[in-house]
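Coordinates in review
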Amino acid sequence: MSGVNKETGNSLNAVSRSPVEGNKRVNSGVESGPESQGKVKREGWNELKREGRHDLVRQSSHTASNKATMLAMPQFGLRDNLIRCELLKNEDIYTYLENFSFFIGTYNVNGQTPKESLRPWLGSTSTPPDMYCVGFQELDLSKEAFFFNDTPKETEWMKAVSEGLHPDAKYDLVKLVRLVGIMLLFYVRNEHAKHISEMEAETVGTGIMGRMGNKGAVAIRFRFHNSDICVVNSHLAAHIEEYERRNQDYKDICSRLLFRQHDPALVPLTIMKHNVVLWLGDLNYRLSDLDVDDVKDLIAKKDFETLHSYDQLKRQIDEKAVFVGFVEGEIGFLPTYKYDTGSDQWDTSEKCRVPAWCDRILWRGKNVRQLHYQSHMDLKTSDHKPVSSLLEMGIKLVNEESYKNTFEEIVRSLDKMENECIPSVTLSRREFHFIDVKFMQHQAETLTLHNDGQVPCQFEFIQKLDEPTYCKPWLTANPAKGFIAQGGNVDIDLEVFVNRSTATELNAGRQQIEDILVLHLDRGKDYFLSVLGNYLPSCFGSSIQTLCQLRDPIQEMPLETIRELTLSGDETRPLIIDKPLDIPKEIWQMVDHLYRNAPKQGELFQQPGLRSEFVEIRDCLDTGMPDSLPGSNHSVAEALLIFLDALPEPVVPFSLYQQCLECCSNTSQCKKPPFLLPCY
């Protein structure tokens, strides 16, 4: 069954196919390898699945022309990291730009199987592209696809893509990654495969409960020659009025999608930490403030400029709410949604959807020029039309002779500096105060390091004696290690975030917002930083037993009273009130709110709430103000789930598990309230 990886926040119902077993070529549907030539006959789903996986080429290794990348490998120490830094600073000296063509395609297939050739879409360019990035959404809408990893449609559409590529070149399938129905395929011309390195794939679910894979994104990142490229295929929230939810999906994808680096000590790469980012998919932004007849009238006049002014994505980009720094080409084609399946006719169903440009392609980075941006009306399999963009991209290639000269000059300069100087930094401050820290509310303070020495230096926060990590679990230094060029500055964010794993200890007073960080300079001295603050107790992370003894909001109670209740594990301890509540008032407030306001609410506990509303709900429960819970029903439902998840012990205590199992087959025992059982 699908689930969520609580460490990464990424959906588990994702598939990433890594290149394996040699270079099997794909050329307009014809595969060739060491054991077979020509088109492979497929018989049955098992055969399809096996061949689909083995159709992928091996991951390319580092090549001699990629020496700057090799310096990032873990076996290199401080000196080589400094050389790498200088090489990156002087990259323009030993690299030059060469143009390569990237075909970007996106298609929401509405759960259909391939019924027609994809050549009119994928083979529409006059000359064969150097690379293909092909994204699908709603690959499979069945429940089986949602709950299990495999779907036969993955291989069916992969085969259709392989057969639809430009016939005048041979291509290698370098990577396939899928999250439920969101799939991304990455092909390169076989002569370029050896120049692909550092290939990684990741997925993020933003669907049900903000985590499941019915909505979200899949992404790959790779290094081509000396350029770092990231490709994201996303399917954002549906419905015309949900543009803010789409904005939130975009922000969640950007913040949660992280690529690991070859050196595990290095901070994972975000989407934006690449030379070029390509973003495609069913972004689901619609046309606002126009009814269906007005839209169709403007379409008939081909007045796309006026129509585009009502486009939600354009408006959100203009307001800098999403896709800041991204570029989209001029739209000169019909809206790609929604059509009657099998035709070019607009939606004639009872819902009569307003046509919209749901399917989009954007990019971010320098030296990118769009050659075409179009839809493909010939394909009628889905209620969407596929979209393609052909981009000409300037890729950085290495001049070997210039690289050698630059490398040697850097080494000579570094040798001289190392013989003369030792590392030294100036800290902007050494004390950090975090006031009124709250549950699941991020706070950050910035430390600036200035390298006032004569050589570059490497810094790292190190563990104190007998402690497993360099900081308390509610504290993070970002970055925790790195290096600073001579005369340079580095900003380090000290971030405090209390979640379910740390709230209980802070509520109980067993932990305080208090820590000492040790900042170590390689071949230099240590600096000590003081972190202090106060945590506002919260019902989130408090036990049911404690909350049942609190008639007033938790933040109106003396801290000593709360800590006395939570520190004592003795069931015979004296009660703060004569008659404890049967259930915590906080649970009652949330359940009563949902009982009164959301008995017929659709997708309750499935559609996530808004973070800003959760903050208001948390403060209301902790302070008692206002009298009624604010926010939408979805936000209250999510707050209830977070509350239950943060309990130090479940609603059914661990001590009752065995007794519950023993009583489950006895009807009379099952009717007996758990709080009457002798062990409770």
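All figures in this text were calculated on a predicted structure; none of them were measured in a lab.

1. A short note on the packing of aromatic side chains
The final tally for this structure, using the stated rule, is 23 aromatic pairs. Ring geometry for phenylalanine 540 versus phenylalanine 643: centroids 5.6 Å apart, planes at 75°, classification edge-to-face. With a gap of 103 residues between them, phenylalanine 540 in the loop between β23 (526-535) and α14 (544-548) and phenylalanine 643 in helix α18 (residues 633-646) connect regions that are remote in the sequence. When its relative accessible area of 0% is taken as the criterion, phenylalanine 643 is described as buried. Positioned above the aromatic ring of tyrosine 285, the side-chain terminus of arginine 246 is 5.3 Å from the ring centre. One cation-aromatic arrangement involves lysine 385 over tyrosine 339; the distance from NZ or CZ to the ring centre is 4.9 Å.

2. Let's talk about the pairing of strand β10 (residues 227-235)
Of all nine residues that make up β10, nine are buried, and the element is covered over most of its length. Residues of β10 alternate between two faces, with Ser227, Ile229, Val231, Asn233 and His235 on one and Asp228, Cys230, Val232 and Ser234 on the opposite face, all of them buried. Here strand β9 (residues 216-224) folds back onto β10, and the loop between the two strands holds two residues, one of which, histidine 225, carries a positive phi near 55°. With seven bridges joining them, β10 and strand β11 (residues 276-282) adopt parallel strand pairing. Along β11, the bridge assignment pairs asparagine 233 with leucine 280. Note that the unit made of β10, helix α8 (residues 243-256) and β11 has a crossover that is right-handed.

3. Here's the deal with unusual backbone geometry
Asparagine 478 connects to proline 479 through a cis peptide bond whose omega is 5°. Within the secondary structure, proline 479 is located in the loop between β19 (475-478) and β20 (481-484). Put simply, methionine 625 and proline 626 share a cis peptide bond, and its omega is -5°. By the secondary structure assignment, proline 626 is in the loop between α17 (611-623) and α18. Phi angles above zero are rare outside glycine, and histidine 225 is one such case at about 55°. By the secondary structure assignment, histidine 225 is in the loop between β9 and β10. With relative accessibility at 12%, the residue histidine 225 sits in the buried group. Here the phi dihedral of arginine 523 falls at roughly 65°; this positive angle occurs in a residue that is not glycine. Along the chain, the position of arginine 523 falls in the loop between β22 (514-521) and β23. A residue is classified by how much of its surface remains accessible, and arginine 523, at 43% relative accessible area, is partly exposed.

4. Quick look at the pairing of strand β12 (residues 359-365)
The buried fraction of β12 amounts to five of the seven residues, a majority that puts the element mostly inside the structure. Two strands pair when backbone bridges link them, and β11 and β12 are joined in this way by seven bridges, in the antiparallel orientation. Each residue of the ladder has a partner; that of valine 276, found in β12, is glycine 365.

5. Some remarks on the sheet that holds β20
Spatially, β16-β23-β22-β18-β20 is the arrangement adopted by the five strands of the open sheet, whose pairing is mixed. The sheet is open, and its two edges are formed by β16 (431-437) and β20, each paired on a single side. Adjacent strand axes in the sheet meet at a mean angle of 25° when their direction is disregarded. Across the sheet, helix α3 (residues 78-89) is in contact with β18 (457-462) and β20; its angle to β20 comes to roughly 60°.

6. Regarding helix α13 (residues 500-508)
When we look at burial in α13, the residues that qualify are Thr502, Ala503, Thr504, Leu506, Asn507 and Ala508. Glycine 509 lies just past α13 and shows a positive phi near 80°.

7. What about the pattern of salt bridges?
Throughout the structure, instances matching the rule amount to 30 salt bridges. Of the charged contacts in the structure, one is a salt bridge between arginine 189 and glutamate 191, with a shortest N-O distance of 3.1 Å. Look at glutamate 191 and you get partly exposed, because its relative accessible area is 38%. The partner of arginine 369 in a salt bridge is glutamate 392, and the shortest N-O contact between them spans 3.0 Å. Of this pair, arginine 369 sits in strand β13 (residues 368-375) while glutamate 392 sits in strand β14 (residues 387-398); the two residues are 23 residues apart in sequence, bridging distant segments of the chain. For arginine 369, a relative accessible area of 47% gives the class partly exposed.

8. Notes on a nonpolar patch on the surface
Residues Leu644, Val651, Val652, Phe654 and Tyr657 make up a contiguous nonpolar surface patch of about 450 Å² in total accessible area. Looking at the element boundaries, leucine 644 is found in helix α18. Of the residues examined, leucine 644 reaches a relative accessible area of 35% and is grouped as partly exposed.

9. Thoughts on α18
Taking 1.5 Å per residue as the helical rise, α18 with its 14 residues ought to reach 20 Å, and the 20 Å between its terminal C-alpha atoms agrees with that figure. Buried residues dominate α18, accounting for ten of its 14 residues. Taken together, the buried positions of α18 are occupied by Asn633, His634, Ser635, Val636, Ala637, Ala639, Leu640, Ile642, Phe643 and Ala646. Tucked inside the fold, the buried residues of α18 contact α13, α14, α16 (585-597) and α17.

10. Quick notes on the nonpolar core
Judged by nonpolar contacts, the single largest core of 60 residues is most densely connected at Phe439, Phe461, Ile492 and Leu517. Beyond its immediate sequence surroundings of up to four residues, leucine 517 is in contact with Phe461, Tyr470, Cys471, Leu475, Leu494, Tyr527, Phe528, Leu529 and Val531. Counting residues in each nonpolar core, the second largest holds 49 residues, with Phe186, Phe222, Leu278 and Trp346 among its members.

Reading the values: the criteria
- Residues numbered from 1 in each chain as written.
- Predicted model: local features only at pLDDT ≥ 70, side-chain atom pairs only at ≥ 80, totals over all residues.
- Heavy atoms only, no water.
- Phe/Tyr/Trp six-rings, centres within 6.5 Å; stacked < 30°, edge-to-face > 60°.
- Helix = DSSP H or I, 4+ residues; strand = E, 2+ residues; numbered from the N terminus.
- Buried < 20%, exposed > 50% of the residue type's maximum accessible area, 1.4 Å probe, protein only.
- Lys NZ or Arg CZ within 6 Å of the ring centre and 35° of its normal.
- Pairing = 2+ DSSP bridges.
- Right-handed = clockwise from strand over helix to strand, strands pointing away.
- Axes fitted to C-alpha atoms, helices over the stretch in contact; angles between N-to-C directions.
- Contact = heavy atoms within 4.5 Å.
- Salt bridge = Lys/Arg side-chain N within 4 Å of Asp/Glu carboxyl O.
- Patch = residues over 30% accessible without salt bridge, like charges linked within 9 Å, V, L, I, M, F, W, Y side chains within 5 Å.
- Areas by Shrake-Rupley, 256 points an atom, 1.4 Å probe, with all protein chains shown as cover.
- Expected span 1.5 Å × (residues − 1).
- Core = buried A, V, L, I, M, F, W, Y, C linked by side-chain atoms within 4.5 Å.

Function-wise, these values are silent; they only describe arrangement.
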